[in-house]
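Summary of the model geometry
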Amino acid sequence: MKKLQKKLHHLFVPHTGNNHRSKLLHHTSLLIILFALLALIGLSNFIKTSSPGVLGISYSITQNDLLQKTNEARAQNGLPPLTLNTQLAQAASGKAQHMFTNNYWSHFAPDGTTPWHFIKGSGYEYIYAGENLAKGFTQSDQIVQAWLASPTHRENILSPKYDEIGFAVMEGSLLGEETVLVVQMFGANSQALAQAPAEVAPQETVPEEKIATQESTSQVEEVQEPTQQQPATPDAAQEVVELPINNIVESPTLNAGFISQSLTLTIVSLILFVLLIDLVVVGKKRIPRVVGNNIDHILLISIFIILIVVQNRGGIL
Amino acid sequence: MNSRYKAWKLTYYAIELLILILGGSLILFFSFDFAIQIMLLVITLLFYITFGLLRHQAEHDLDTRVVIEYILISAIILASFIFLNITRL
């Protein structure tokens, strides 16, 4: 035990025995860390090419989990659960596909296509509609948590106006990045119009741009006199249209995303920690040494750690 | 430590921090292109090495060991970034 303590002291704390510089900051130790990282890169590449499927990113995003977590949040706030709607799922799927095809990350496409275009296109006649988007997440619960943490997305999830929901979970290349896109479409069907007040106009909500209740004539007409775009009843729709596949569950033997992030964070945090100890101890003793400036290294590593954390966060819109 | 030297040191760290933040932000902005990210990281690290060594030279304590230390720390950051993005290679 004493031996281990001595070794750790030698590694982390500057003293006479390590020439007043923590052993971990000596050139030999830094070289070992560098070679270890290069070996890990080489090994990962070797595994990737020789045994595909062993190393990859682990995903578990399913429609059921997303629905369950959404309804759990609603139940906690005394709201009735949302039911899955095939047409809304189709609309969400259409939106996700449109984003991949036209390479954009926004509620509104560069060509002006709105989220409501996909809902109307699916045949869903809505009184209220809303949309939440997420990308770059690996787990269903992370997505719902991120939405709930954002006031505008939370408002959609906890809105008493909606009674139906549809999801799309799609993998593809967006803005040059391989990612998983999740589209959550909310709606209240015009069938409820009979119980609703007579003059209800369609309301559409996306988180970042609240659309005021604009009563365009066509929208009012669609609600009050549905003709060609009249939706099939949910039961009938389920018979005709199959629900898009909305699950991405990938479990490679080794979760490369998790391993690389954990190892990288551990290594750089350890170096940062030793630099801080070195700075405090030597600063107190005022020992003159010919070494690099600790504060330079601390600044660089701190910015790098922030970069790791921010880069690996998923995005919501 | 006189006040002029203190001010000089503070300015040095402020400029260094600003450029590191700028480099980090650009790397985040170009998260869709790994090649650009690597290029930006290399430029940021080259700045970091040069800026650090110029400071050591100004303080008359520039030595080969110091140069090696800056290069090694930068190489570890670069290797860490590549390893972090191993699934994108």
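In what follows, the structure referred to is the one given above.
Residues numbered from 1 in each chain as written. Chains lettered and ligands numbered in written order. Predicted model: local features only at pLDDT ≥ 70, side-chain atom pairs only at ≥ 80, totals over all residues. Heavy atoms only, no water.

1. Describing the interface of chain A and chain B
A common measure of how large an interface is: the accessible area buried when the components associate. Between chain A and chain B, the residue contacts involve 42 residues of the former and 40 residues of the latter. Interface area for chain A against chain B, summed over the two sides, is near 3,800 Å², with a carbon-plus-sulfur share of 74%. A per-residue breakdown of the area chain A buries against chain B is headed by His-27, Leu-300 and Gln-311 of chain A, which together make up 16% of the total. The tally of links from chain A across to chain B stands at 1 salt bridge. In this structure, Glu-69 of chain B and Arg-21 of chain A form a salt bridge, with 2.6 Å as the shortest nitrogen-oxygen distance. (Contact = heavy atoms within 4.5 Å. Buried area = accessible area lost by both parts, 1.4 Å probe. Salt bridge = Lys/Arg side-chain N within 4 Å of Asp/Glu carboxyl O.)

2. Details of the packing of aromatic side chains
What describes a pair of aromatic rings is the distance from one ring centre to the other and the angle between the planes of the rings. This model, assessed by the stated rule, comprises 11 aromatic pairs over all chains. Between the aromatic rings of Trp-8 of chain B and Tyr-12 of chain B, the centroid separation amounts to 6.2 Å while the plane-to-plane angle is 20°, which identifies the pairing as stacked. With Trp-8 of chain B and Tyr-12 of chain B both in helix α1 (residues 3-29), this residue pair falls 4 residues apart, about one helical turn. Ring geometry for Tyr-12 of chain B against Tyr-13 of chain B: centres 5.2 Å apart, planes inclined by 70°, an arrangement best described as edge-to-face. Each member of the pair Tyr-12 of chain B and Tyr-13 of chain B is classed as buried. Each residue in the set Tyr-5, Trp-8, Tyr-12, Tyr-13, Phe-47 and Phe-51 of chain B is aromatic and connected to the rest through ring pairs, giving one cluster. One Lys or Arg, Lys-135 of chain A, reaches over the ring of Trp-105 of chain A and ends 5.3 Å from the middle of that ring. A cation over an aromatic ring shows up here: Arg-55 of chain B above the ring of Tyr-12 of chain B, its NZ or CZ 5.0 Å from the ring centre. (Phe/Tyr/Trp six-rings, centres within 6.5 Å; stacked < 30°, edge-to-face > 60°. Helix = DSSP H or I, 4+ residues; strand = E, 2+ residues; numbered from the N terminus. Buried < 20%, exposed > 50% of the residue type's maximum accessible area, 1.4 Å probe, protein only. Lys NZ or Arg CZ within 6 Å of the ring centre and 35° of its normal.)

3. Quick look at the pairing of strand β6 (residues 177-189) of chain A
Residue and element names in this part refer to chain A. Of all 13 residues in β6, 11 are buried, a share of seventy percent or more. Strand direction decides the pairing type here: strand β4 (residues 126-135) and β6, joined by 9 bridges, are antiparallel. Its bridge partner lying in β6, Asn-132 is registered against Gln-184. Examined bridge by bridge, strand β5 (residues 164-174) and β6 share 11 bridges and lie antiparallel to one another. Residue pairing for β6: Gly-172 is matched across the bridge by Thr-179. (Pairing = 2+ DSSP bridges.)

4. Let's talk about the side chain of Gln-311 of chain A
Positionally, Gln-311 of chain A belongs in helix α11 (residues 294-311). Here the side chain of Gln-311 of chain A touches Gln-37 of chain B through a polar contact of 3.0 Å, side chain to side chain. Once residues within four sequence positions are removed from consideration, Gln-311 of chain A is found in contact with Leu-28, Gln-37, Phe-81, Leu-84, Asn-85 and Arg-88 of chain B. (Polar contact = N/O pair within 3.5 Å; in protein donor to acceptor, adjacent residues only side chain to side chain.)

5. Some thoughts on the pattern of salt bridges
Taken as a whole, this structure holds 5 salt bridges over all chains when the rule is applied. Within the structure, one salt-bridge network assembled from shared partners comprises Arg-21 and Asp-278 of chain A together with Glu-69 of chain B.

6. Examining empty space enclosed by the protein
Counted by the stated rule, this structure contains 2 cavities of 30 Å³ or more. Taken as a whole, the largest cavity holds about 90 Å³ of empty space. Around the largest cavity, the lining residues are Leu-300, Ile-303, Phe-304 and Leu-307 of chain A together with Leu-20, Gly-23, Gly-24, Ile-27, Leu-41, Thr-44 and Ile-77 of chain B. Elements with a contribution of two residues or more to the lining of the largest cavity: α11 of chain A together with α1 and α2 (34-58) of chain B. Here the lining of the largest cavity is built from residues that sort into 8 nonpolar, 3 polar and no charged. (1 Å grid on protein atoms, 1.4 Å probe; cavity = no way out; pocket = protein on both sides within 12 Å on 5 of 7 lines; lining within 4 Å. Points joined across faces, edges and corners; volume = space filled by probe spheres on them. Nonpolar A, V, L, I, M, F, W, Y, C, P; charged D, E, K, R; others polar.)

7. A short note on a nonpolar patch on the surface
Residue and element names in this part refer to chain A. On the surface, Leu-254, Phe-258, Ile-259 and Leu-263 cluster together into a nonpolar patch covering about 330 Å² of accessible area. For the nonpolar patch, the leading source of residues is helix α10 (residues 256-285), giving 3 residues. You can see Leu-254 is positioned in strand β9 (residues 254-255). Among the residues examined, Leu-254 registers a relative accessible area of 33% and is labelled partly exposed. (Patch = residues over 30% accessible without salt bridge, like charges linked within 9 Å, V, L, I, M, F, W, Y side chains within 5 Å. Areas by Shrake-Rupley, 256 points an atom, 1.4 Å probe, with all protein chains shown as cover.)

8. Notes on unusual backbone geometry
All names here are of chain A. A positive phi is found at Asn-19, a non-glycine position, where the angle reads about 60°. Mapping Asn-19 onto the fold places it in the loop between α1 (2-12) and α2 (27-50). For Asn-19, a relative accessible area of 61% puts it in the exposed group. In this structure, His-20 is a non-glycine residue whose phi angle is positive, near 55°. Structurally, the position occupied by His-20 is in the loop between α1 and α2.

9. Quick word on the layout of surface pockets
Quantified by volume, the second largest pocket comes out at close to 730 Å³. If you go around the second largest pocket, you meet 21 residues; those closest to its centre are Val-282, Ile-287 and Asn-293 of chain A together with Lys-9 and Arg-55 of chain B. At the level of elements, α10 and α11 of chain A together with α1 and α2 of chain B are the ones that each hand at least two residues to the lining of the second largest pocket. Of the residues forming the lining of the second largest pocket, the biggest block, 4 residues, is contributed by α10 of chain A. Partitioning the lining of the second largest pocket into residue classes produces 9 nonpolar, 5 polar and 7 charged.

10. Topic: the nonpolar core
Core analysis: the biggest nonpolar cluster contains 50 residues, and Ile-271 and Ile-301 of chain A together with Ile-77 of chain B have the highest contact counts within it. Taken together, the elements giving at least two residues each to this core come down to α2, α10 and α11 of chain A together with α1, α2 and α3 (64-84) of chain B. In terms of residues, this core owes the most to one element, α3 of chain B, which gives 10 residues. When residues no more than four places from it in sequence are discounted, the contact partners of Ile-77 of chain B are Val-268, Leu-300, Ile-301 and Phe-304 of chain A together with Leu-41 and Leu-45 of chain B. Membership of the second largest hydrophobic core comes to 22 residues, among which are Ile-165, Val-180, Val-182 and Phe-186 of chain A. (Core = buried A, V, L, I, M, F, W, Y, C linked by side-chain atoms within 4.5 Å.)

11. Digging into the side chain of Asn-294 of chain A
Residues and elements named next belong to chain A. Here Asn-294 is to be found in helix α11. According to the relative accessible area criterion, Asn-294 is buried, its value standing at 6%. For Asn-294, the side chain forms a polar contact with the side chain of Asp-278, separated by 2.9 Å. Not counting chain neighbours up to four residues away, the residues in contact with Asn-294 comprise Arg-21, Leu-275, Asp-278, Leu-279 and Arg-289.

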